[in-house]
Amino acid sequence: MKYKLMGVAMLAVAVLTAVAATALEPAVEKSARVHHHLTARRDTGCECDGTELCSHLPLVIIDTKGQEIPGEVTDVMDSFSQVIYTKAPDGLATIRTEVKVIDNPDGNNHPSDVPVFTTVSDFRIRGYSSRYAAKKPYLLKFMDENGQKRDISVMGMGAHNEWALHAPLTDKSLVRNYMMYNISGEIMRWAPNCRFCEVIVNGSYEGVYLMVETIAKGENCRLHLERNMKNAGVMGYLLRIDRPNEEELESIRDIYAYAERINRLFQDVAIRYPGRGVLTEEIKRGIELDYAAFEKSLYSYDYDTGSYGYWNWIDVDNFVDYYIIQELSQNFDMGAFSTYIYKEPDEPYRLAVWDFDNVWGNARTTVVFPDTFILNERAWYLMLFKDEAFVQRVLERHRELRKSYLSEEYLLNYIDEAVDFLGPAAERNSVRWADEIANWDALGSDYDNPHSFEEAVEMLKTRIIQRGRWLDEEIHAIQQYCHPSRNKKYNH
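So, about the overall build of the chain. What the chain contains, in helices and strands, is 13 helices and 18 strands. For the chain, buried positions account for 57% of its 492 residues. Expressed as a percentage of contacts within the chain between residues at least 6 apart in sequence, the contacts between residues at least 24 apart total 73%. Counting only carbon and sulfur atoms, one obtains 50% of the accessible surface of the chain, whose full area is about 20600 Å².

Okay, structure coming up:
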């Protein structure tokens, strides 16, 4: 029967030595989503003397001790879309810094307040196109005094050692990633937790940022890629489809996937987890064989038949939800860049959302109109949309979600509430980046380039209305991709 998950043991055979043995961890259920703007205190005033920054948002204070921050772009190899970045004097991609987080539970936050924690952290600029902006995104890797990874709970989120500081500047509304991570987290089993904050680097106020948990394991992480069984380690893995930039991915490449040929883009399917310290040649080979077996099933004439069908490999509902989220928001990167697919031990493949900077008409260099399909032939969906059962599930689920988390009313109200929550922090950010917000026309169409925070918010809401209403009327057209006349050579 379709969508009945059948046990797949290939990886367990190939990946049997990785970690020390302990009891098998229980299955992880989807946890309640925390929406920062609904749970945190708002700016209700403060009795401070006003001589320093006073914010209801948590403060992240970074001191590089005079070191230049690595990760600036120095050259681009256009033929491979590879970017060359600056490095630290010792040749490493990161520098050691001091990071403080100030997050008072009962009042506003000030740089002189006692931090909830101070830690050593590896630090660098992160991202691809976003690192070209004046407001830099950063990667933090917390360390203890011995240079070992240190898991820390940040702003109420589960303890991790690796965090991304997203710098909304291309998204002048400040809310795209925040909104889509949280709404995706209500719909899907996993989406990254995030919190708004304000950032100070070497004494310079840098504006509103988003602290985001990366797609990795950690204490209380809902994404468990590693589980240990008595006398044997069975390891899950995480793959990333993106440009071949080793410094950014910090991963091992060389998985030659069929999806790369389909997209005809300069990209890699890279192993993002396990990391270098664990990834032996045996484990790497096991992952390659496992993923190749999945693609062999999907991109074959037998993709929708019996025990060989694609549904034996994937969480179909996850792939359906992922597509709807990405297509409704028109995430132009989906299936080409910043795309993550993971496999927990003894579980099917699932997709994890990441990077909504360019959604709802905010794509750089590319004009994305609200009245078109753009994702149905990307990566795995080229084949999934040939199957009528999958297409029907997309149509049904789209109708369901447009009555709840993806309804026009819910999305517009979410934006209003998030903007209201930011309050004076958004005003400070607008002052800090006034020139860039007013003059930086980074998007592919002049029509899509707002020149104030308020204009950006209204343009986002307008695109959501346009896109949602068009898709409600036209989504049935995806049935053409599974019609027998189009797929005679595939469907028997």
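Our next topic: the nonpolar core. If you look at the biggest cluster of nonpolar residues, it comprises 95 residues, and the most contacted ones within it are F319, Y323, W380, Y381, F390 and I478. Among the elements that line this core, the one with the most residues is helix α7 (residues 316-329), at eight residues. Ranked by size, the runner-up nonpolar core spans 25 residues in total, among them A88, F142, M155 and C197.

Moving on, we come to the packing of helix α3 (residues 176-187) against α7. Orientation of α3 relative to α7, taken along the N-to-C sense of each, is 150 degrees, at an axis distance of 11 Å. In terms of their interaxial angle, α3 and α7 are classed as roughly antiparallel. Handedness of the crossing formed by α3 with α7: right-handed. In this structure, α3 uses M180, S184 and I187 to contact α7, whose residues at the interface are D321, I325 and S329. Classifying every residue of the contact of α3 with α7 gives three nonpolar, two polar and one charged.

Turning our eyes to something else, we now look at the side chain of N331. Secondary-structure assignment places N331 in the loop between α7 and β17 (339-343). Among the polar contacts listed, one links the side chain of N331 to the side chain of Q326, at a separation of 2.9 Å. Among all residues touching N331, those that are not within four sequence positions of it are Q326, W354, D355, F356, N358, V359 and L375.

What the rule picks out here adds up to 27 salt bridges. Between D420 and R42 there is a salt bridge whose closest N-O contact spans 2.5 Å. You can see D420 sitting in helix α10 (residues 408-422) and its partner R42 sitting in the loop between α2 (36-39) and β1 (59-63), a full 378 residues away along the chain. Assessed through its relative accessible area of 30%, R42 is described here as partly exposed. Notably, a salt bridge pairs K136 with E72, separated by 3.4 Å at the nearest N-O pair. A residue pair is termed long-range when its members are at least 10 positions apart, and K136 in the loop between β5 (117-125) and β6 (138-143) and E72 in the loop between β1 and β2 (73-77) qualify at 64 residues. Accessibility expressed as a relative area gives 33% for E72, which makes it partly exposed. One network of salt bridges, in which partners are shared, links D317, D321, R393, E396, R397 and E400.

Glancing now at the packing of α3 against α10. Where α3 meets α10, the axes come as close as 11 Å, and the angle between the chain directions of the two elements is 125 degrees. One element, α3, and the other, α10, form an angle in the oblique class. Viewed along their axes, α3 and α10 form a crossing whose handedness is right-handed. Taken together, the residues of α10 that come into contact with α3 (itself represented by Y178, M179, N182 and I183) are Y410, L411, Y414, I415 and A418. Along the lines of polarity and charge, the residues of the contact of α3 with α10 split into eight nonpolar, one polar and no charged.

Another point: the sheet that holds β5. Pairing is mixed around the closed barrel formed by seven strands, whose spatial order is β1-β4-β5-β6-β9-β11-β10. Mean inter-strand twist for the sheet, computed between neighbouring axes without regard to direction, equals 40 degrees. Sheet topology places β1 next to strand β4 (residues 95-102); five bridges connect them, and they run antiparallel. Opposite D63, over in β4, you have E98 as the bridge partner.

We now examine the confidence of the model for the chain. Confidence in the prediction of the chain, expressed as mean pLDDT, is 83, and 80% of residues score 70 or more. Across residues 1-29, where pLDDT falls below 50, the model places 70 contacts with residues more than four positions away in sequence or in other chains.

Here V320 is to be found in helix α7. Through-space distance from the C-alpha of V320 to that of F390 is 7.7 Å; in sequence the pair is 70 residues apart.

Rules of the game
- Residues numbered from 1 in each chain as written.
- Predicted model: local features only at pLDDT ≥ 70, side-chain atom pairs only at ≥ 80, totals over all residues.
- Heavy atoms only, no water.
- Helix = DSSP H or I, 4+ residues; strand = E, 2+ residues; numbered from the N terminus.
- Buried < 20%, exposed > 50% of the residue type's maximum accessible area, 1.4 Å probe, protein only.
- Contact = heavy atoms within 4.5 Å.
- Areas by Shrake-Rupley, 256 points an atom, 1.4 Å probe, with all protein chains shown as cover.
- Core = buried A, V, L, I, M, F, W, Y, C linked by side-chain atoms within 4.5 Å.
- Axes fitted to C-alpha atoms, helices over the stretch in contact; angles between N-to-C directions.
- Parallel < 35°, antiparallel > 145°, perpendicular 65-115°, else oblique.
- Left-handed = near helix turned anticlockwise from the far one by under 90°.
- Nonpolar A, V, L, I, M, F, W, Y, C, P; charged D, E, K, R; others polar.
- Polar contact = N/O pair within 3.5 Å; in protein donor to acceptor, adjacent residues only side chain to side chain.
- Salt bridge = Lys/Arg side-chain N within 4 Å of Asp/Glu carboxyl O.
- Pairing = 2+ DSSP bridges.
- pLDDT = per-residue confidence, 0-100.

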